[in-house]
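# Commentary on secondary and tertiary structure
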Amino acid sequence: MDVIFGRNKKEQLEPVRAQVTGRIPSWLQGTLLRNGPGMHTVGETRYNHWFDGLALLHSFTIRDGEVYYRSKYLRSDTYNANTKANRIVVSEFGTMAHPDPCKNMFSKAFSYLSHTIPDFTDNCLINIMKCGEDFYATTETNYIRKINPQTLETLEKVDYRNYVAVNLATSHPHYDAAGNVLNMGTSIMDKGKTKYVIFKIPATVPEDAKGKNPLKHTEVFGSITSRSLLSPSYYHSFGVTENYIVFLEQPFKLDVLKMSTAYIRGVNWASCLAFHREDQTYIHIIDQRTGKPVPTQFYTDPVVVFHHVNAYEEDGCLVFDVIAYEDGSLYQLFHLANLNQDFEENSRLTSVPTLRRFAVPLDVDKNAEVGSNVVKLASTTARALKEKDDRVYCQPELLYEGLELPRINYAHNGKPYRYVFAAEVHWSPIPTKILKYDVLTKSSLKWGQEHCWPAEPLFVPMPGAKDEDDGIILSAIVSTDPQKLPFLLVLDAKSFTELARATIDAEVHLDLHGLFIPDADGDAREQAPSQEQPDRVPDCQVAPRT
Ligand SMILES: CC1=C(/C=C/C(C)=C/C=C/C(C)=C/C=O)C(C)(C)CCC1
Ligand SMILES: [Fe+2]
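The rules behind each value
Residues numbered from 1 in each chain as written. Chains lettered and ligands numbered in written order. Predicted model: local features only at pLDDT ≥ 70, side-chain atom pairs only at ≥ 80, totals over all residues. Heavy atoms only, no water. Donors = N, O, S within 2.8 Å, 3.2 Å for Na, K, Ca; no water. Tetrahedral: all angles 85-135°; square planar, octahedral: opposite > 155°, others 65-115°. Helix = DSSP H or I, 4+ residues; strand = E, 2+ residues; numbered from the N terminus. Buried < 20%, exposed > 50% of the residue type's maximum accessible area, 1.4 Å probe, protein only. Pairing = 2+ DSSP bridges. Axes fitted to C-alpha atoms, helices over the stretch in contact; angles between N-to-C directions. Disulfide = S-S within 2.5 Å. Patch = residues over 30% accessible without salt bridge, like charges linked within 9 Å, V, L, I, M, F, W, Y side chains within 5 Å. Areas by Shrake-Rupley, 256 points an atom, 1.4 Å probe, with all protein chains shown as cover. Salt bridge = Lys/Arg side-chain N within 4 Å of Asp/Glu carboxyl O. UniProt positions renumbered as here; feature names shortened; annotations may be inferred. Contact = heavy atoms within 4.5 Å. Polar contact = N/O pair within 3.5 Å; in protein donor to acceptor, adjacent residues only side chain to side chain.

### Here's the deal with the coordination of the iron ion (ligand 2)
- Ligation of the iron ion (ligand 2) by protein atoms is provided by His172 (NE2), His236 (NE2), His307 (NE2) and His513 (NE2), these donors lying 2.0 to 2.1 Å from the ion.
- Taken together, the four donor atoms surrounding the iron ion (ligand 2) define angles of 92 to 147° at the centre, an arrangement classified as irregular.
- Mapped onto the sequence, the residues coordinating the iron ion (ligand 2) show the spacing H-x63-H-x70-H-x205-H. Here histidine 236, found in the loop between strand S16 (219–225) and strand S17 (239–240), pairs with histidine 513, found in strand S38 (residues 513–518); they are 277 residues apart in sequence, far enough to count as distant. This pair shows no difference in class: histidine 236 is buried, exactly as histidine 513 is.

### Concerning the sheet that holds strand S28 (residues 397–401)
- Strands sit in the order S23-S24-S25-S28 across an open sheet of four strands; the sheet is antiparallel. The open sheet has two free edges, formed respectively by strand S23 (304–314) and S28, since each of these has just one partner strand. Neighbour-to-neighbour, the strand axes of the sheet open up by a mean angle of 20°, direction not taken into account.
- Of the strand pairs in this sheet, strand S25 (residues 354–361) and S28 are connected by four bridges, and their pairing is antiparallel. Bridging from a neighbouring strand, leucine 355 pairs with tyrosine 400 of S28.

### Notes on the state of the cysteines
- A complete count under the given rule lists zero disulfides for this structure.
- In this structure cysteine 124 is not part of a disulfide, and its nearest cysteine sulfur, from cysteine 131, lies 13 Å away.
- Since its relative accessible area comes to 0%, cysteine 124 is described here as buried.
- Considering cysteine sulfurs only, cysteine 317 is the nearest to cysteine 394, which forms no disulfide, with 9.8 Å between them.

### Considering a nonpolar patch on the surface
- A cluster of nonpolar side chains, Met189, Leu229, Leu230 and Leu257, forms an exposed patch at the surface whose accessible area comes to about 330 Å².
- One can find leucine 257 in helix H3 (residues 256–265).

### Focus on the UniProt feature "binding site: Fe cation" (unreviewed entry) in the chain
- The feature "binding site: Fe cation" (unreviewed entry), as annotated in UniProt, sits at His172, His236, His307 and His513 in this numbering. These annotated residues cover 342 residues of sequence, and their C-alpha atoms all fall within 12.5 Å of one another, placing them together at a single site.
- Along the chain, histidine 307 falls in strand S23.
- Aside from chain neighbours lying at most four places away, what touches histidine 307 is His172, His236, Ser237, Val322, Ile323, Glu404, Leu405, Pro406 and His513.
- One polar contact links histidine 307 to histidine 172, side chain to side chain, over a distance of 3.3 Å.
- The class for histidine 513 is buried, based on a relative accessible area of 2%.
- Not counting chain neighbours up to four residues away, the residues in contact with histidine 513 comprise Arg34, Asn35, Ile126, Asn127, His172, His236, His307, Leu405 and Glu456.
- Side chain to side chain, histidine 513 and histidine 307 meet in a polar contact 3.4 Å long.

### Some remarks on the sheet that holds strand S32 (residues 444–448)
- Taken together, four strands build an open sheet; the order of strands is S29-S30-S31-S32 and the sheet is antiparallel. With one partner strand each, in any of the chains shown, strand S29 (403–407) and S32 form the two edges of the open sheet. Recorded for the sheet is a direction-independent mean angle of 25° between the axes of neighbouring strands.
- Two strands pair when backbone bridges link them, and strand S31 (residues 433–438) and S32 are joined in this way by five bridges, in the antiparallel orientation. Paired with lysine 433 across the strands is glycine 448, a residue of S32.

See the structure below:
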């Protein structure tokens with residue numbers, strides 16, 4: 001498994017033309033831009049965790065039925081410092097970098113002290129975010145890196161803290177119909193408080209002497225005080241509906257005291273993160289119109305959620321779908337030691353990721369009997385049981401077992417929807433198939449082939465689409481068979497049959513997340529919002545080209 005996880009991947013700086021078999025629809029013109037870890041050793045030093053790897057950006061440009069592939073390492077400060085020292089000198093999620101062994105005792109002590117308040121990494125390896133006209137590589141620290149989506153060049157380093165008081169921010173922002181970014185971050189012990197902050201970055205802003213910078217116009221429009229000052233929840237994403245935000249304060253928590261002493265103790269950030277199975281998961285619903293949380297205290301059993309799938313409002317309830325685990329074993333498994341030796345044995349999840357649907361009433365009837373179910377939706381068996389003191393205990397409906405890396409047709413984000421596109425995973429964290437799950441009929445379609453490991457499947461709508469699944473699925477496939485070249489798979493999203501594959505004679509890495517940037521010219525223009533479907537995405541999961 002070293003081929004897939006541990007080995008450093010070569011950059012492909014010059015675009016290489018892929019060998020296309022089948023037919024790529026002529027309307028599909030644009031660039032699939034994705035991010036993920038590509039380098040796990042520097043000199044003699046090695047990262048411990050797959051999520052530590054240095055960010056490798058790659059793109060598949062689709063033009064007139066042809067596909068061109070290129071890749072380039074993000075020239076983060078972390079990448080540059082590591083390369084210069086020829087060893088890992090910046091700490092990542094699962095690897096704590098130690099001071100220069102050549103330095104004397106005095107400078108060693110100084111180096112420890114200066115790390116007491118940690119400056120996090122700018123190795124933005126998780127996702128791509130579109131912000132106004134700009135694209136950024138993102139991770140979960142306070143740093144994002146502007147990139148050129150065409151050349152994959154690395155541009156400015158941006159510190160979120162210059163615009164909003166957050167020490168951490170998710171790499172899964174949402175976009176509203178106008179393209180404004182909605183994101184959440186954690187503000188740790190600022191003015192004696194630890195808070196989860198919701199902020200908005202506008203898509204369009206007036207130009208000043210330094211040009212257009214939407215980040216300067218970032219607005220905080222709500223926050224939730226953490227239930228614990230020193231152990232805020234860790235979260236990787238959140239949900240939105242037309243009027244609300246859904247935030248799970250889960251018992252998978254960061255220990256701030258452990259973090260502040262991690263460097264001096266020589267332990268990594270991952271060891272400051274723990275699942276508290278004796279605790280509950282609090283469900284916070286924030287009204288976007290007022291920025292205030294709904295007063296009822298909703299809670300559920302202890303779960304770990306990385307990915308929210310979608311959320312929407314239905315008959316006075318808020319329905320939200322997530323991929324949930326019973327513990328934090330997913331992060332445990334991505335330790336490279338588990339992924340490289342005895343892969344089959346060591347890489348078994350102790351909890352299968354499941355698609356769960358929750359429903360919470362937006363207005364809980366004060367007179368409802370204690371113990372009664374206050375969700376009256378015919379569409380789901382999810383329940384919410386009224387308790388004493390305005391508390392409501394939520395029990396989800398189990399929809400599907402064994403899936404991760406969910407995507408939807410983003411035009412349906414925050415609205416009722418039918419299809420989840422995801423990677424199928426069971427007891428191993430490695431995807432083997434791509435899945436289309438219909439939440440209405442509870443049926444599924446799959447695509448898979450021997451030795452093929454698919455990346456997150458991304459949905460691109462076709463021009464003039466009427467049905468939610470009118471479009472195609474793009475997924476980069478890497479192979480565990482060294483003889484088999486990687487390829488970009490194009491599936492018809494309705495039938496889940498293969499339309500084309502573009503085989504790439506270059507190294508392609510297993511990545512995490514990304515987006516599709518339709519060409520501004522050509523047929524792709526028709527992907528703009530139409531009269532019939534006023535709420536189609538002019539957004540960034542399928543982003544307009546700049
Ligand atoms: C460096 C660093 C962090 C990095 C977390 C990362 C890199 C998480 C990646 C998660 C992924 C890829 C999840 C997929 O489902 C923390 C813990 C936020 C805080 C401390 C500093
Ligand atoms: Fe993610």
